[in-house]
Structures are given as C-alpha cells and as structure tokens.
Amino acid sequence: MKNNTIAAIATSVLFLFVTILALPHYGMCSEVYTVGEVSYDQALADGKPIMKLGPIPAGNVPPIFPKSFLEPDGSYGGGIVYQSVENAKDGLAMLLKNGTLPAGLEWHIYQLDAEWENDVYELKKGDYRLKKPCPVEKRIQ
C-alpha cells in the first residue's frame, strides 16, 4: 500500500515536472504566415494550388520576378514568412513602406501548410524565408 502511494506521488510529481518543462515549448510547431497578392483569393476559391516558393539560385530566377524580390546576387531567398499574424501585418506594412511590394496591388496575410521549425530559415538577421516551396492554405486577413 505504501509503495503504491509513493509510486503514485512520484508519477504525479514527474508528470507535473514534465508539464512545467514543456510549457515554454508548447505550440513550438507553430504556423507560418506570409504575404500574398489578392489573386491568391480567387485561386483558393477555385481550388487551385498556390505555392509560396523556396530559394532559387540567381541563374534560375525567372525574368518576370520583380527585382525588389531578389537578393543583391540576383538569387531569390525564398518566400518571406512570419511566425505570427501580428508579425505578418507589421511585415506587410514594412514591405509596402520600403517599396519591396508594389503599393498599387491589394495584399493579404495567408497561412501556409508549413511548420516554422522544419520549413523556415533565417536568411539575414530577422529575415525569415521558406527553405522549400510550401502550399498556401488560407487567407487570414
């Protein structure tokens, strides 16, 4: 009886300890958000797949890519991504302000079928990009 009580208490303490340790990591497989032009809406409504691109070497970047999307060496670093909707909204405002995105188009926030921990890398400090092409799931904003 005493051993069962001690085992139950030890199991409870261990469970509580693991839960406390896991709390900072809860939700670590977080969503990934990006910015997209309003044409994504029609494609999603029509059931057409939309892919946000990963990195493209300079020699393989299609000539239709806006120059503002390219790195100084002519490569494409991959789609710009954010870990939260709030960060994506702030990022969209900054991309419009600095001229990376054309102001004459309508832009929205979209959720990608991606996991931050597996599908994202940091190109430069604070500049997060997709490692590989990932599907757009839905419009958020």
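Heads up: the structure comes first, above all this text.
Residues numbered from 1 in each chain as written. Predicted model: local features only at pLDDT ≥ 70, side-chain atom pairs only at ≥ 80, totals over all residues. Heavy atoms only, no water.

Undergrad: Explain the overall build of the protein chain to me, please; I cannot follow it from the model alone.
TA: Scanning the protein chain from N- to C-terminus turns up four helices and seven strands. Of the regular secondary structure in the protein chain, the N- to C-terminal order runs α-β-α-β-β-α-β-α-β-β-β. The long-range fraction of contacts in the protein chain, counting pairs at least 24 apart against all pairs at least 6 apart in sequence, stands at 68%. Surface accessibility of the protein chain: about 9200 Å² in total, with carbon and sulfur atoms responsible for 61%. (Helix = DSSP H or I, 4+ residues; strand = E, 2+ residues; numbered from the N terminus. Contact = heavy atoms within 4.5 Å. Areas by Shrake-Rupley, 256 points an atom, 1.4 Å probe, with all protein chains shown as cover.)

Undergrad: It is not clear to me how the pattern of salt bridges should be interpreted in this structure. Could you clarify?
TA: Where charged atoms from two side chains of opposite charge come close, those side chains can pair. A complete count under the given rule lists five salt bridges for this structure. Among the ionic pairs, Asp41 bridges to Arg139, the shortest N-O distance being 2.7 Å. Pair noted here: Asp41 is in helix H2 (residues 39-45) and Arg139 is in strand E7 (residues 134-139), with a separation of 98 residues, a long-range link. With a shortest N-O distance of 3.4 Å, Asp119 and Lys132 are connected by a salt bridge. Of this pair, Asp119 sits in helix H4 (residues 116-119) while Lys132 sits in the loop between strand E6 (127-130) and E7, and the two are 13 residues apart along the sequence. Bridged by salt links that share partners, the residues Glu71, Lys124, Asp127 and Arg129 form one connected network. (Salt bridge = Lys/Arg side-chain N within 4 Å of Asp/Glu carboxyl O.)

Undergrad: Hey, could you run me through the packing of aromatic side chains in this one?
TA: For any pair of aromatic rings, the description consists of the separation of the ring centres together with the inter-plane angle of the planes. Overall, the coordinates contain three aromatic pairs when judged by the stated rule. Ring geometry for Trp116 versus Tyr128: centroids 5.2 Å apart, planes at 55°, classification tilted. Residue Trp116 is found in helix H4, and its partner Tyr128 is found in strand E6; the two are separated by twelve residues along the sequence. Judged by relative accessible area, Trp116 falls into the buried class, the value being 12%. (Phe/Tyr/Trp six-rings, centres within 6.5 Å; stacked < 30°, edge-to-face > 60°. Buried < 20%, exposed > 50% of the residue type's maximum accessible area, 1.4 Å probe, protein only.)

Undergrad: Before we go on, may I ask you to explain the pairing of strand E4 (residues 107-112) in this structure?
TA: With six of six residues buried, E4 is to be regarded as a mostly interior element. Of the two faces of E4, the one lined by Trp107, Ile109 and Gln111 and the one lined by His108, Tyr110 and Leu112 are each fully buried. Relative to E4, strand E1 (residues 32-37) runs antiparallel, the two being bridged by six bridges. The partner of Val32 across the bridge, within E4, is Leu112. Sheet topology places E4 next to E7; three bridges connect them, and they run antiparallel. Bridge assignment links Tyr110 to a residue of E7, and that residue is Arg139. (Pairing = 2+ DSSP bridges.)

Undergrad: Help me understand the sheet that holds E4, please; the structure alone is not making it clear to me.
TA: Sheet strands pair by backbone hydrogen bonding; their relative direction is either parallel or antiparallel. Overall, antiparallel pairing links the five strands, which are arranged E2-E7-E4-E1-E3 in an open sheet. Two strands close off the open sheet at either side, each with one partner strand: strand E2 (51-52) and strand E3 (81-82). In the sheet, E1 pairs with E3 via two bridges, with the strands oriented antiparallel. The residue bridging Tyr33 from the neighbouring strand is Tyr82, located in E3.

That's the geometry; what it means functionally is another story.
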